[in-house]
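The primary structure of each chain is shown beneath.
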Amino acid sequence: MTDRFPAEHVKGQIMAVKFYFVLKVLSKIGVLKILSGFKKFPGFSATISPFSKQTQKLLWRTSFQKKTIAAMHSEFSNVQDGYRKVRGMPATEIPLIVIKSVVVNEFYPGTSEDTKRIIREKLREAANDLKNWSVNGRLVEASGSGHNIHIENPQIVVDSILEILRKALLTKV
């Protein structure tokens with residue numbers, strides 16, 4: 001939802017805030033628990049279908065918990081303010097690895113191909129800006145991964161965490 005993105009991307013982010021608010025209400029009254037118990041939630045089965053059966057089972061069990069939904073709503077509600085705060089901070093020497101997805105295929109309905117291209121460029125630009133926040137920053141692109149890098153390519157996340165820990169121990173940050 002940063003100022004650099006086209007209106008279609010901002011609309012999608014605002015829709016996500018509203019969507020997670022509705023999910024938060026549904027989770028409080030127990031509807032999501034029932035739907036997830038029967039594995040009936042529109043679009044969710046298709047979204048998780050590329051993952052292993054074990055991961056799908058875990059996602060069905062954890063994705064619709066009240067705390068999970070509240071965290072997702074909070075993340076989307078506060079992302080703009082978070083970006084603003086990070087951009088306003090001075091550069092640091094703290095080891096930083098920005099992991100960027102390569103597969104970006106989820107857009108607000110009706111988004112033109114040209115706008116999709118611009119959104120992808122702006123996401124790359126935003127990742128590079130974030131990487132440059134640290135003189136020890138590095139950008140890693142998770143090939144074959146979309147938004148859920150931690151599920152689709154967990155090894156890249158593990159390797160990045162280990163690299164940062166090694167650097168932190170060596171520099172005693």
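What this report covers is the structure whose coordinates are included nearby. (Residues numbered from 1 in each chain as written. Predicted model: local features only at pLDDT ≥ 70, side-chain atom pairs only at ≥ 80, totals over all residues. Heavy atoms only, no water.)

## With respect to the overall build of the protein
What counts here: Secondary structure follows DSSP: runs of H or I at least 4 residues long count as helices, runs of E at least 2 residues long count as strands, and numbering of each begins at the N terminus. Note on classification: 1.4 Å probe, protein chains only; a residue is buried when its accessible area is under 20% of the maximum for its type, exposed when over 50%, partly exposed between these limits.
A count of helices and strands for the protein gives eight helices and two strands. Secondary structure elements of the protein occur, N-terminal to C-terminal, as α-α-α-α-α-β-α-β-α-α. By its C-alpha atoms, the protein is 50 × 35 × 30 Å across when sized along the principal axes. The buried share of the protein, taken over its 173 residues, is 29%.

## Examining unusual backbone geometry
Non-glycine residue K39 carries a positive phi angle of around 55°. Note on placement: K39 falls in the loop between α2 (31-37) and α3 (44-48).

## Here's the deal with the side chain of T111
The test is simple: Note on contacts: a residue pair qualifies if any of its non-hydrogen atoms lie within 4.5 Å across the two residues.
Mapped onto the secondary structure, T111 falls in the loop between β1 (96-101) and α6 (113-131). Setting aside residues no more than four positions away along its own chain, T111 makes contact with E8, K116 and I119.

## A word on the nonpolar core
Our working rule: Definition used in this section: a nonpolar core is a set of buried Ala, Val, Leu, Ile, Met, Phe, Trp, Tyr and Cys residues joined via side-chain atoms within 4.5 Å.
Membership of the largest hydrophobic core comes to 13 residues, with the highest contact counts inside it found for L23, L32, F41, F44, I48, W60 and F64. Of all the elements in the fold, those that place two or more residues in this core are α1 (7-28), α3, α4 (53-62) and α5 (66-87). No other element matches the three residues that α1 contributes to this core. Beyond its immediate sequence surroundings of up to four residues, W60 is in contact with L35, S36, K39, K40, F41, F44, S45 and I48. Core analysis: the second largest hydrophobic core is formed by five residues, I97, A142, I149 and I156 among them.

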